[in-house]
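# Results of the structural survey
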Amino acid sequence: MPTRLPTADTPYVRVDTDVLDANIADMATRVAAQGLALRPHAKTHKSADIARRQIASGAVGLTVATIGEAQAFAAAGFDDLFIAYPLWLTASKAARLRSVVRDASVRVTVDSAAGAVAMAEALGDARESVEVLIEVDSGQHRTGTAPADAGTVAAQAVAHGLRVVGVFTFPGHGYSPAGRESAAQQEARAITDAADALSSVGVDPIVRSGGSTPTVEFAHPDVLTEVRPGVYPFNDAQQVALGRANVDDVSLSVAATVVRREPGRALLDCGSKILGTEKPDWVPGFGLLPDLPDARIVALSEHHATVVSEGPLPEAGSVVRVFPNHVCITVNLVDDLVAVTGGNEVGRWPLLARGANS
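Description of the structure in this document. (Residues numbered from 1 in each chain as written. Predicted model: local features only at pLDDT ≥ 70, side-chain atom pairs only at ≥ 80, totals over all residues. Heavy atoms only, no water.)

A few words on the environment of glycine 179. Tracing the backbone through its elements, the reader meets glycine 179 in the loop between strand S7 (163-168) and helix H7 (180-200). On the accessibility criterion, glycine 179 (8% relative accessible area) is buried. For glycine 179 and threonine 17, which are 162 residues apart along the polypeptide, the C-alpha to C-alpha distance reads 30 Å. Beyond its immediate stretch of four places on either side in the chain, glycine 179 contacts His173 and Gly174. (Helix = DSSP H or I, 4+ residues; strand = E, 2+ residues; numbered from the N terminus. Buried < 20%, exposed > 50% of the residue type's maximum accessible area, 1.4 Å probe, protein only. Contact = heavy atoms within 4.5 Å.)

Following this line, the structure appears as structure tokens:
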């Protein structure tokens, strides 16, 4: 039934620091044992407090999704950043990127010859200050060039003054219960082919970057040099459904109040504006209720979650934990995280990259 929670007004996002630290240490140990560098994706947590824990545990730097996130983390003192997104630079974005380059070592990415030319022209003299990775598609079919074409893209980038140092991919199709290992295998083949393509045009692929939280345990250390998992400090309902994490491995939850209860049904004061709406077919509800194993969230409105259960439900006024399906969305919807140790609130962590989506 309901766990003991702090008394902040609900709904709010809480982080169990003991579980968080265990997750960070476990990933650092796992990746080190594989002989890989760990460059966690900070878009998941957007938090300097958590990023510092990751760096202290051995991460070589951070991955971010946007120039805005890079600006926020560089301003907070993080000086090794990879923007893992094929940027198309406007004059404004180029100016912002140059400001980051003044404070940190920065890697950027391109996935087309046209993108490489646009990147070089927009950066001007600053193009010599960034490292470039060529993104390849390893099976998700979102961004990334075909692995065999990576050499063509790299050659165009080099011809326009960019320093290409390697290749990367995101095995996002590993987000399926039966697809984690096969996605990692496809990742290894794509990175191998792409690295060979770079070598064929005289570019040494010293960086070969991949990995995601669902696939990192299947990563190929003979192919990759680094991995970029993001969700692992928190985990979420998706990671539990995938078999990547157990319920006890989830450090982040939404604290919500039961505002109505009737036989077999209850309403919580958390809805899509804090849980998000993502629900893959292989996840049983719109969030997981770890302390109510017989209950399921069957519907969301903006500020309410509808819960049904064949077992007992807590009375109105009770506070319960909800594990979001996709934790990155939840974090992006709030201003801070309530840090909890031993059931007691020990601080609030502001999200320095809140809303930094461009």
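Read on for the rest.
One pass over the full model with this rule turns up 15 salt bridges. Across the salt bridge formed by arginine 30 and aspartate 26, the nearest N and O atoms sit 3.8 Å from each other. Within this pair, arginine 30 and its partner aspartate 26 are both found in helix H1 (residues 17-33), separated by four residues, close to a single helical turn. Since its relative accessible area comes to 31%, arginine 30 is described here as partly exposed. Glutamate 226 is paired through a salt bridge with arginine 39; the nearest N and O atoms lie 3.1 Å apart. (Salt bridge = Lys/Arg side-chain N within 4 Å of Asp/Glu carboxyl O.)

Glancing now at H1. With 17 residues, H1 should reach 24 Å at 1.5 Å per residue; the first-to-last C-alpha distance of 24 Å fits that figure. For H1, the set of buried residues is Thr17, Val19, Leu20, Asn23, Ile24, Met27, Ala28 and Val31. Projected onto a plane normal to the axis of H1, the buried residues spread over an arc of 165° and lie on a single side. Opposite the packed face of H1, turned more than 90 degrees from it, sit the exposed residues Thr29, Ala32 and Ala33. Residues of H1 that are buried make contact with strand S1 (12-16), strand S2 (37-38), helix H2 (48-56), strand S9 (226-227), strand S15 (336-341) and strand S16 (344-350). The backbone nitrogen of aspartate 18 lies 3.0 Å from a side-chain oxygen of the residue at the head of H1, namely aspartate 16. Looking one or two places after H1, you find glycine 35, whose phi comes out positive at around 75°. (Expected span 1.5 Å × (residues − 1). Arc of directions from axis to C-beta. Polar contact = N/O pair within 3.5 Å; in protein donor to acceptor, adjacent residues only side chain to side chain.)

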